[in-house]
Every structure is written in structure tokens, then in C-alpha cells.
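Structural overview
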Amino acid sequence: MKLTQNLIILVFTLFCFNSVSAQYGNGYYNNGYGNGYGRGGGMGMDRSMMAGQQQGTPSKPKEIPVEETAAKIVDAMKPEVKLDDLQAIAITNVLADSLREQGILLKNESSNQEQKIEQIKALRESTDKKISAFLNPDQVDKYKTFMETFKEVKKGKSKKKKDKEDTKEVKENTDTKTE
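Residues numbered from 1 in each chain as written. Predicted model: local features only at pLDDT ≥ 70, side-chain atom pairs only at ≥ 80, totals over all residues. Heavy atoms only, no water.

Moving on, we get to the overall build of the chain. Looking only at helices and strands, one finds six helices and zero strands in the chain. The linear arrangement of helices and strands in the chain, starting from the amino end, is α-α-α-α-α-α. Expressed as a percentage of the 179 residues in the chain, the buried residues total 20%. Contacts spanning at least 24 positions in sequence make up 43% of the contacts within the chain whose residues lie at least 6 apart. If you sum the accessible surface of the chain, you get close to 14700 Å²; carbon and sulfur atoms cover 57% of it. (Helix = DSSP H or I, 4+ residues; strand = E, 2+ residues; numbered from the N terminus. Buried < 20%, exposed > 50% of the residue type's maximum accessible area, 1.4 Å probe, protein only. Contact = heavy atoms within 4.5 Å. Areas by Shrake-Rupley, 256 points an atom, 1.4 Å probe, with all protein chains shown as cover.)

In this structure, Met77, Ile91, Leu95 and Leu135 are the most contacted members of the largest nonpolar core, which totals 18 residues. The set of elements that each furnish at least two residues to this core consists of helix H3 (66–81), helix H4 (85–107) and helix H6 (137–178). The element that contributes the greatest number of residues to this core is H3, accounting for six residues. Every residue in contact with Ile91, bar those within four places of it in the chain, is listed here: Val74, Met77, Leu83, Ile131, Phe134 and Leu135. (Core = buried A, V, L, I, M, F, W, Y, C linked by side-chain atoms within 4.5 Å.)

In this approach the atoms are scanned with a rolling probe the size of a water molecule, which exposes any empty space left behind. In this model, the largest pocket occupies a volume close to 1500 Å³. Together, 31 residues line the largest pocket, and Thr69, Ile73, Leu99, Gln102 and Lys154 are the ones closest to its centre. At the level of secondary structure, the elements contributing two or more residues to the lining of the largest pocket comprise H3, H4, helix H5 (113–133) and H6. Of the residues forming the lining of the largest pocket, the biggest block, ten residues, is contributed by H6. (1 Å grid on protein atoms, 1.4 Å probe; cavity = no way out; pocket = protein on both sides within 12 Å on 5 of 7 lines; lining within 4 Å. Points joined across faces, edges and corners; volume = space filled by probe spheres on them.)

The values are spatial; any link to function lies outside them.
Written as C-alpha cells, this is what we have:
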């Protein structure tokens with residue numbers, strides 16, 4: 001009697017274990033109900049699949065380090081202003097400090113837009129003075145012309161970006177109207 005009772009319990013346990021492992025994919029990849037519970041595929045969805053659905057929400061763009069931005073500006077400036085290596089290093093440091101300050105000013109919520117503009121203008125003037133201190137008189141003129149063209153290029157890029165955003169908005173508005 002005891003032997004048959006133990007045998008029935010053993011068989012019952014094996015059947016329970018087998019049904020559980022079938023639900024969870026029995027440890028095999030691409031096997032079982034829902035490809036193993038919590039691994040996605042088949043009937044179940046995992047977190048990585050759900051993350052794909054959240055792509056419509058805009059994420060915060062990655063900030064480019066100020067040193068990298070300053071280096072790009074100096075690389076563009078170097079042939080036009082004819083900077084030597086020491087001048088390039090010094091100007092890169094000045095620009096990096098200036099860009100850090102500018103970022104702090106822009107993130108400052110205690111001042112309004114007009115104050116921020118005034119502060120950035122003052123920062124730009126002091127940066128120009130610091131950079132001019134590293135240049136000889138011939139290079140100062142070249143630096144001024146470079147900065148004027150640099151500002152025009154930046155304005156052109158921002159206008160193109162605004163135009164793209166405007167056309168995107170118009171396209172989205174027409175799409176929603178047709179629906």
C-alpha cells in the first residue's frame with residue numbers, strides 16, 4: 001500500500017513538473033509557450049519589445065562635451081586664422097570655458113530671456129578679448145572675419161532646421177486632417 005502511494009505521488013509530481021516546464025519553454029530557446037515566459041517572441045512580450053513601442057516619445061538628446069565642440073571650432077579656425085599649435089590649445093581652452101559658462105547661463109531659470117541674452121553677449125565679448133590676446137594683429141582681423149562667417153553659417157543651419165520643423169508640422173497637420 002505504501003509503495004503504490006509513493007508511486008502515485010512520484011508520477012503526480014513528474015506530471016506537474018512537466019506541465020510547468022512546458023509553460024516556461026523547458027529551458028530551450030524558441031521552444032514552448034510564448035518562447036519561455038518573459039523572453040518575448042510567441043505569445044508573451046518582454047520589456048525589450050515594450051521599449052520598442054515607446055519610441056514615439058522623444059528622448060533627451062545626448063549633450064556633446066564642450067571640449068569636443070571647442071576643438072571642432074578651433075579645427076575650423078586653424079587654417080583660416082593660421083594658428084600655431086600653442087595658440088590652438090590656448091584658444092580651445094578659452095572656448096571650452098566659455099561654452100561651459102554659456103550652458104550654465106542658459107540653464108539658469110532665475111533670469112529671463114532678455115537677461116540671458118545680455119549675459120551671453122557679455123560672455124562673448126570677454127571670450128573674444130581673451131582669444132585676441134593670444135593672436136597677433138594680423139590674426140585678429142582674420143579671427144573677426146572667421147567669426148562673422150561662422151555666425152552666418154550657424155544662422156543658416158538654424159534657419160534650415162526651422163524650415164524642416166515647419167514642413168514637418170505642416171505635413172503632420174495635413175496627415176491628421178486626412179484621417
